[in-house]
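Summary of structural features
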Amino acid sequence: MTQFIWPTTAAQLRCDKKWLETDDTISLQLSSDNNNTFDFKPGQFISLGVELNGKMEYRAYSISSIPNQDFLQFTIKRVDGGKVSNYLIDQFNEGESILALAPTGPFNSVDCSAKPKIALLSAGCGITPVMSMARTWLANKTNVDITFIHMARSPEHTIYFDELQYLNEKHTHFNLQLLLKDPQHTDYPQGRLDQEWLATLCPDLTERTVFLCGPTGFMQDMKAYVEAMGLNMDNFYQESFTPIEAEVTETAGNTGVVQFEVPAFGVSKEITKGATLADVLEESGVPIIIACRSGMCGSCKCKVDKGEVSRTSTETLSEEDIAQGYTLACSSQVQSDVEVSLV
């Protein structure tokens, strides 16, 4: 099979399979028309796009499958008020197509140097990128020693529950440690993952490379715990594509009206100083892709030809890009009269 070549714009993929993982979570398998294989770094994410109410909406989802298969798998959890996630769960069907941007993200098992001993920490849907890492290490028959620590509400709410148990039984170097709020009929312990539980579930954690993904509060707590336990933080990696919320303080210097121009699209208007560039571009009808909305994927890269913006992320930009005026619209706030062009 030949490898899928990602276009510079969004690719169209087909949904071959869709199934329930839990009562509020589904998995999708997406393929290309020619059934090509997909290369990516385990742990990375892809932004999926659907048209809702006449507007393209993109959201970032971690890949949960392994590289070089003829499909990509994603696991998507229902979100209160979530436009794209809930559409994919409730209305998107097998046989339909969806837009997808190329894989990206620095949280992965290739770029993040790992020891022969690994600890994977996750909660909820944060299990998806670390599951891709674990599946890949095990499929490639590496000798990586994996302790997989996951927190969930119950067995029924544990994504990949059956597969995790199977991997634990099959591989001597895969050590599953589930901590459940309600273990029900299982022998898994009951509790909330704090520092004491972390030390109990993984006594040699400080000897391992730690990969972490989960809700923001969970990740903040886990980072503090592993640091307090004495982990060398050079061996610590966490996912970080959570929406960036710019802190715009309502002071005299941050209020007022500025002029916003996108000459190539005939846009000339007054906007509020401090507005997020992505929001203004979308509201102005400029066809820019706003995918991960966290300054991680680079899809919203554009150029500020005149004026000034402040940035909360430069993740995918080089020093040369920044010097030439390029910025990430999702994490840039307009601070003066500006003129913008698309890449």
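What counts and how
- Residues numbered from 1 in each chain as written.
- Predicted model: local features only at pLDDT ≥ 70, side-chain atom pairs only at ≥ 80, totals over all residues.
- Heavy atoms only, no water.
- Pairing = 2+ DSSP bridges.
- Helix = DSSP H or I, 4+ residues; strand = E, 2+ residues; numbered from the N terminus.
- Axes fitted to C-alpha atoms, helices over the stretch in contact; angles between N-to-C directions.
- Buried < 20%, exposed > 50% of the residue type's maximum accessible area, 1.4 Å probe, protein only.
- Left-handed = near helix turned anticlockwise from the far one by under 90°.
- Contact = heavy atoms within 4.5 Å.
- Nonpolar A, V, L, I, M, F, W, Y, C, P; charged D, E, K, R; others polar.
- Phe/Tyr/Trp six-rings, centres within 6.5 Å; stacked < 30°, edge-to-face > 60°.
- Lys NZ or Arg CZ within 6 Å of the ring centre and 35° of its normal.
- pLDDT = per-residue confidence, 0-100.

This next bit is on the sheet that holds strand S7 (residues 117-123). Pairing is parallel across the open sheet formed by five strands, whose spatial order is S9-S8-S7-S10-S11. Single-partner strands in this sheet number two, and they are strand S9 (174-180) and strand S11 (236-238). Sheet twist, expressed as the average angle between the axes of neighbouring strands with direction ignored, equals 15°. Pairing geometry for strand S10 (residues 209-213) and S11, over three bridges, is parallel.

With that settled, consider unusual backbone geometry. With a phi close to 55°, Asn53 is a non-glycine residue in the positive phi region. For Asn53, the position within the fold is in the loop between strand S3 (45-52) and strand S4 (55-62). Non-glycine residue Asn68 carries a positive phi angle of around 65°. Looking at the element boundaries, Asn68 is found in the loop between S4 and strand S5 (72-77). Taking the relative accessible area as the measure of exposure, Asn68 reaches 48% and is therefore partly exposed.

One can describe the packing of helix H2 (residues 127-139) onto helix H3 (residues 161-170) by two numbers: an axis separation of 13 Å at closest approach and a directional angle of 30°. Read as a crossing pair, H2 and H3 show a hand that is left-handed. Between H2 and H3, the residues in contact are Ile127, Met131, Arg135 and Leu138 and Glu163, Leu164 and Leu167, respectively. By residue class, the composition of the contact of H2 with H3 is five nonpolar, no polar and two charged.

Attention shifts here to the environment of Val144. For Val144, the position within the fold is in the loop between H2 and strand S8 (145-152). The exposure class assigned to Val144 is buried, which follows from its relative accessible area of 13%. As for Val144 and Lys170, which are separated by 26 residues in sequence, their C-alpha atoms are 15 Å apart. When residues no more than four places from it in sequence are discounted, the contact partners of Val144 are Pro116, Ile118, Trp137 and His173.

Next up on the list: the packing of aromatic side chains. Tallied over the entire structure, the rule returns eight aromatic pairs. Considering the side-chain rings of Phe107 and Phe211, the 6.1 Å spacing of their centres and the 70° angle between planes classify their relative orientation as edge-to-face. Separated by 104 residues along the polypeptide, Phe107 in the loop between strand S6 (97-100) and S7 and Phe211 in strand S10 bring together distant segments of the chain. One exposure class covers both Phe107 and Phe211, and it is buried. An angle of 80° between the planes, with centres 6.1 Å apart, marks the rings of Phe161 and Tyr188 as edge-to-face. Taken together, the residues span a long stretch of sequence, with Phe161 in helix H3 and Tyr188 in the loop between S9 and helix H4 (195-201) at a distance of 27 residues. By the burial criterion, Phe161 is buried, and Tyr188 matches it. Pairwise contacts between aromatic rings join Phe107, Trp137, Phe211 and Tyr237 into one cluster. It is Arg135 that lies over the ring of Tyr160; its NZ or CZ is 4.8 Å from the centre.

The next thing to look at is the confidence of the model for the chain. The predicted model of the chain has a mean per-residue pLDDT of 92, with 96% of residues at 70 or higher. For the stretch residues 243-253, pLDDT sits under 50, and the model shows 15 contacts to residues farther than four places along the chain or on other chains.

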